[in-house]
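Structure at a glance
Take a look at the letters that make up each chain.
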Amino acid sequence: MTRTALTAEAAAQLIAALRHGQPLSDAATELGLDLPAVWTTARTDTRLAVALAGHDPDAPEEPGRAARAE
């Protein structure tokens, strides 16, 4: 079964909600997002993967951490 990836706008909205401390399930429900699609998108969207790991993807140390992970 193929999962549809989130749009860039939907991912950005989800990242903003997570950054403000909203739980993933609540944020996804509020935005009308499918959780499997969130995880599918996180495979290729580094910013979303960082946010799902509980970090702010816009923090100064994150680009270095993401580069090391890749």
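What follows concerns the packing of helix α1 (residues 8–19) against helix α2 (residues 24–31). Taken N-terminus to C-terminus, the directions of α1 and α2 make an angle of 140°; their axes are 10 Å apart at the nearest point. Compared by their axis directions, α1 and α2 come out oblique. In this structure, α1 meets α2 at a crossing whose hand is right-handed. Across the interface between the two elements, Q13, L14, A17 and L18 from α1 touch L24, A27, A28 and L31 from α2.

This part is about the pattern of salt bridges. Two side chains that carry opposite charge are able to pair once their charged atoms sit near each other. A complete count under the given rule lists three salt bridges for this structure. Its salt-bridge partner being D58, residue R19 comes within 2.5 Å of it at the nearest N-O pair. Of this pair, R19 sits in helix α1 while D58 is found in the loop between α4 (46–52) and α5 (62–69), placing the two residues 39 residues apart along the sequence. Several salt bridges share partner residues, and in doing so they unite R19, R47, D56 and D58 into one network.

So, how was this worked out
Residues numbered from 1 in each chain as written. Predicted model: local features only at pLDDT ≥ 70, side-chain atom pairs only at ≥ 80, totals over all residues. Heavy atoms only, no water. Axes fitted to C-alpha atoms, helices over the stretch in contact; angles between N-to-C directions. Helix = DSSP H or I, 4+ residues; strand = E, 2+ residues; numbered from the N terminus. Parallel < 35°, antiparallel > 145°, perpendicular 65-115°, else oblique. Left-handed = near helix turned anticlockwise from the far one by under 90°. Contact = heavy atoms within 4.5 Å. Salt bridge = Lys/Arg side-chain N within 4 Å of Asp/Glu carboxyl O.

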